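Read off the chains here:
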Amino acid sequence: MPDAQSWYREAVHAIAATHRHVFSTGELQKLLDTLKEAGAVPTRISLRRFMDVLQSEVGLREHIISAAHVAGASDPPYRPFRRHLLGTASPEEVSLSLRPRSYLSHASALRAHGIPTAPELPVFANQEQRPKPTPNGDLTQAAINRAFQNGPRISQYVFEYQGTQLALLAGKNTGNYRVTEVRHPEHVAPLLVADLPRTLVDIAVRPAYAGGPLHVLHAYRHVVDSIGGERLVAELCETLDALRHVYPYHQALGYYLMRAEVNAKHLIPLRNRGAAYDFYLCNRIADPVYIPSWSIYVPRDLEIA
């Protein structure tokens, strides 16, 4: 039976070996159970006692992640999360701890890949929905027009941590397609992040989550400079095929890539997908300009960017 000092050391070594800074109560219980099974911690030790030791030995502390206040509401709209923090926990790590199988997406994925974006945006953590049946009915121009005359759908499931907003998204089910582990300069353990081709499609679909079309265009220019047009177009086409969006987002991608000065011959795979409908670069464009080459309406001020 290990003495107190011995199992204290085992507890400290075990939590340090995770290279993590954020834990749920359930995760700490699993860690304790593993140590008990290995004979490193006495079986009589409760979770409360285990956490008390980690608090005194390594500074583990409880933190409440509260929902952001909505204008006009007297109380936060969602129940808070309870997490246990060790050392310096970044907003990205906290956001990914709130729901299982979450990954950084949109502007947060761009940052993780070293691409600058609007600094005032929240951290975006996406947890995909369960699979849904394929929508019935054919796409029509009238349906596209109606959808994009409305404002963009923006998640209200937002929490706050140390002055940073954490926006929790519920994207369509893709089986976490093109989600990978990325080493972040502030973390020893890698974080789950959508890869660059997936992120470029995602921000074209939801430009508001990247700060708007101008920030999307900047991201495309940055990636084209580092990857090259031909390879990028091939990966974007592969991603579009896998994600199977209803709307013709290939027209939006074609426009951004054209503005990023990708060689016209490399854009042929996107052009070959056709342009059966007039499309929109984003929702509710106040002063649109029609771009015939991609059959798409874009904000007028973007054309001079």
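Coordinates for the structure precede this section.
The sections below set out a description of the structure shown in this document. (Residues numbered from 1 in each chain as written. Predicted model: local features only at pLDDT ≥ 70, side-chain atom pairs only at ≥ 80, totals over all residues. Heavy atoms only, no water.)

Another aspect to go through is the packing of helix α8 (residues 213-227) against helix α9 (residues 229-243). As a packed pair, α8 and α9 sit with axes 8 Å apart at the nearest point and diverge in direction by 120°. Taken together, the axis directions place α8 and α9 in an arrangement best described as oblique. On α9, the residues touching Y220, V223, V224 and I227 of α8 are R231, L232 and L236. Tallied by class, residues from the contact of α8 with α9 come to six nonpolar, no polar and one charged. (Axes fitted to C-alpha atoms, helices over the stretch in contact; angles between N-to-C directions. Helix = DSSP H or I, 4+ residues; strand = E, 2+ residues; numbered from the N terminus. Parallel < 35°, antiparallel > 145°, perpendicular 65-115°, else oblique. Contact = heavy atoms within 4.5 Å. Nonpolar A, V, L, I, M, F, W, Y, C, P; charged D, E, K, R; others polar.)

Across a regular strand the side chains alternate sides, sitting on one face of the sheet and then on the other. Here strand β5 (residues 123-126) runs beside strand β7 (residues 164-169); their pairing, made up of four bridges, is parallel. Pairing of V123 across the sheet is with L166, part of β7. Pairing of strand β6 (residues 158-161) with β7 involves four bridges; the strand directions are antiparallel. Residue pairing across strands places V158 opposite A167, the latter belonging to β7. Connecting β6 to the antiparallel partner β7 that follows it, the hairpin turn spans two residues, and Q162 within it adopts a positive phi of roughly 50°. (Pairing = 2+ DSSP bridges.)

The next thing to look at is helix α10 (residues 249-259). Most of α10 sits out of view: ten of its eleven residues are buried. Turning to α10, its buried residues number three or more, namely Y249, H250, Q251, A252, L253, G254, Y255, Y256, L257 and R259. Residue E261 follows α10 closely and has a positive phi angle near 65°. (Buried < 20%, exposed > 50% of the residue type's maximum accessible area, 1.4 Å probe, protein only.)

Next up on the list: the nonpolar core. Ranked by size, the top nonpolar core spans 46 residues in total, and within it Y220, Y255, L257, L270 and I296 carry the most contacts. Taken together, the elements giving at least two residues each to this core come down to α6 (141-149), α7 (196-205), α8, α9, α10, β10 (279-280), β11 (288-291) and β12 (296-299). Grouped together as the second largest cluster of nonpolar side chains are 21 residues, F81, L98, A109 and L168 included. (Core = buried A, V, L, I, M, F, W, Y, C linked by side-chain atoms within 4.5 Å.)

The next subject is the pairing of β5. Where burial is concerned, the two faces of β5 agree: the one with V123 and A125 and the one with F124 and N126 are both buried. Inspection of the sheet shows strand β4 (residues 103-104) paired to β5 by two bridges, in the antiparallel sense. Residue L104 lies in a different strand from β5, and its bridge partner there is A125.

For the coordinates displayed, the defined rule picks out twelve salt bridges. Here E62 ties to R82 by a salt bridge, and the two come within 2.9 Å at their closest N and O atoms. Note that E62 is positioned in strand β2 (residues 61-67) and R82 in strand β3 (residues 81-85), a separation of 20 residues in sequence. Between E303 and R259 there is a salt bridge whose closest N-O contact spans 3.5 Å. With E303 in the segment after β12 and R259 in helix α10, this residue pair connects regions lying 44 residues apart in the sequence. Owing to a relative accessible area of 13%, R259 belongs among the buried residues under this scheme. Here the salt bridges share partners, and the residues they tie into one network are R178, D195, R231, E235 and E238. (Salt bridge = Lys/Arg side-chain N within 4 Å of Asp/Glu carboxyl O.)

This next bit is on the packing of aromatic side chains. How two aromatic rings sit relative to each other is given by the distance of their centres and the angle of their planes. Counted according to the given criterion, the structure contains 16 aromatic pairs. Ring centres of W7 and Y8 lie 4.9 Å apart, and the angle between their planes is 90°; this geometry places the pair in the edge-to-face category. No difference in accessibility class separates W7 from Y8, as the two residues are buried. Measuring from centroid to centroid gives 6.4 Å for Y78 and F159, while their planes differ by 35°, and the two rings are tilted. Here Y78, found in the loop between β2 and β3, pairs with F159, found in strand β6; they are 81 residues apart in sequence, far enough to count as distant. With a relative accessible area of 34%, Y78 lands in the partly exposed category. Looking at F159, the relative accessible area reads 0%, which means it is buried. (Phe/Tyr/Trp six-rings, centres within 6.5 Å; stacked < 30°, edge-to-face > 60°.)

Function cannot be inferred from these measures alone, as they are strictly geometric.
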